[in-house]
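Chains, contacts and geometry: an overview
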Amino acid sequence: AGVSNGGVNTTSITLKTPSGVAFTQGEAFPVSFTAPIGYANEFTIASGVNYLFSLQNPETYKTRDNRLYVEPRALRITVDGTKPVKFTIAFGATLTAPTWSDIEGDVSPVQVDTTASGVIGGLTVLEVFLDKVDKTEINLIDVFESAKIWPENSLTLLAECTASATVTVSVTMRSRV
């Protein structure tokens, strides 16, 4: 700031201060995503309901509170068996004795479990029926209005059949960073 008195006027003082303003355009917090993340596995299922896997977005990621979400994009399923198979996707199921492991821990918080000994509850969001030798690809964004796995939530896949079968499943996702 500066004070100016032109030397002629002795009753008023002019205070000169610089000012500035800055504007931004666009979203306040732009959403950026990593490259797609994937999980795939082959399972041999028996007669009855079979737990295949769960995807979890943990409460903490890289030692901090996790505020990121994971967005499942596509589900691919292949069946090779002697009887049809019903697949169920559930959000928020409770697992007995899961063992979580990172899928791509450097770029995403998403974890997978294939070892849980039991599944309780959860909200069934999709059921898919496949013939004994069949395959399908499901765009999960079209199926769910908001297909996001928020922190402390999970997505579980179950398969039910009346005979044994070989099932191959893959899920592609992306994660907010």
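Below is a summary of the structure that appears in this document. (Residues numbered from 1 in each chain as written. Predicted model: local features only at pLDDT ≥ 70, side-chain atom pairs only at ≥ 80, totals over all residues. Heavy atoms only, no water.)

A few words now on the pairing of strand β7 (residues 70-81). Pairing geometry for β7 and strand β16 (residues 165-175), over eleven bridges, is antiparallel. Paired with leucine 75 across the strands is valine 171, a residue of β16. The sheet contact formed by β7 and strand β14 (residues 133-139) spans seven bridges and is antiparallel. Residue pairing in the sheet places isoleucine 77 in a bridge with threonine 136 of β14. (Pairing = 2+ DSSP bridges. Helix = DSSP H or I, 4+ residues; strand = E, 2+ residues; numbered from the N terminus.)

Across soluble globular proteins, nonpolar side chains show a tendency to be buried alongside one another. In this structure, Ile45, Leu52, Phe53, Leu55, Phe87 and Val169 are the most contacted members of the largest nonpolar core, which totals 33 residues. Breaking this core down by element, the ones donating at least two residues are β3 (37-45), β4 (48-57), β7, β8 (85-91), β13 (123-130), β15 (153-161) and β16. Contacts of leucine 52, omitting those with residues within four sequence positions, involve Phe43, Ile45, Phe87, Asp113, Thr114, Leu157, Ala159, Val167 and Val169. (Core = buried A, V, L, I, M, F, W, Y, C linked by side-chain atoms within 4.5 Å. Buried < 20%, exposed > 50% of the residue type's maximum accessible area, 1.4 Å probe, protein only. Contact = heavy atoms within 4.5 Å.)

Moving on: the sheet that holds β3. With respect to topology, four strands assemble into an open sheet ordered β3-β16-β7-β14, the strand pairing being antiparallel. Sheet topology places β3 and β14 at the edges, where each strand pairs with a single neighbour. Sheet twist, expressed as the average angle between the axes of neighbouring strands with direction ignored, equals 10°. Both β3 and β16 contribute to a ladder of nine bridges, which runs antiparallel. Across the sheet, residue alanine 40 finds its bridge partner in β16, namely serine 170. (Axes fitted to C-alpha atoms, helices over the stretch in contact; angles between N-to-C directions.)

Attention now goes to the packing of aromatic side chains. In total, this model carries three aromatic pairs according to the counting rule given. On the numbers, 5.0 Å between centres and 65° between planes, the contact of tyrosine 39 with phenylalanine 53 is edge-to-face. One end of the pair, tyrosine 39, is in strand β3; the other, phenylalanine 53, is in strand β4, and 14 residues separate them in sequence. Accessibility assignment for this pair places tyrosine 39 and phenylalanine 53 in one class, buried. Here tyrosine 69 and tryptophan 150 contribute two aromatic rings whose centre-to-centre distance is 4.7 Å and whose plane-to-plane angle is 55°, an arrangement assigned as tilted. Of this pair, tyrosine 69 sits in the loop between β6 (64-65) and β7 while tryptophan 150 is found in the loop between α1 (140-143) and β15, placing the two residues 81 residues apart along the sequence. Taking relative accessible area as the criterion, tryptophan 150 reaches 42% and is therefore assigned partly exposed. Looking at lysine 148, its charged tip hangs above the ring of tyrosine 69, at a distance of 5.2 Å from the centre. (Phe/Tyr/Trp six-rings, centres within 6.5 Å; stacked < 30°, edge-to-face > 60°. Lys NZ or Arg CZ within 6 Å of the ring centre and 35° of its normal.)

Attention now moves to the pattern of salt bridges. Per the counting criterion, the structure on display carries six salt bridges. Ionic pairing is found between glutamate 71 and arginine 73, a salt bridge with its closest N-O pair at 3.2 Å. A relative accessible area of 7% places glutamate 71 in the buried class. By relative accessible area, arginine 73 is classed as partly exposed at 30%. Between glutamate 160 and lysine 86 there is a salt bridge; the shortest N-O distance is 3.7 Å. Of this pair, glutamate 160 sits in strand β15 while lysine 86 is found in strand β8, placing the two residues 74 residues apart along the sequence. If you follow the salt bridges from partner to partner, you end up with Glu71, Arg73, Lys148 and Arg174 in one network. (Salt bridge = Lys/Arg side-chain N within 4 Å of Asp/Glu carboxyl O.)

A few words on unusual backbone geometry. At alanine 97, a position not held by glycine, the phi torsion is positive, near 55°. Position of alanine 97 relative to the elements: it lies in the loop between β9 (94-96) and β10 (101-102). Taking relative accessible area as the criterion, alanine 97 reaches 53% and is therefore assigned exposed. The phi dihedral of glutamate 152 falls on the positive side, at around 70°, and the residue is not glycine. Counting through the fold element by element, glutamate 152 comes out in the loop between α1 and β15.

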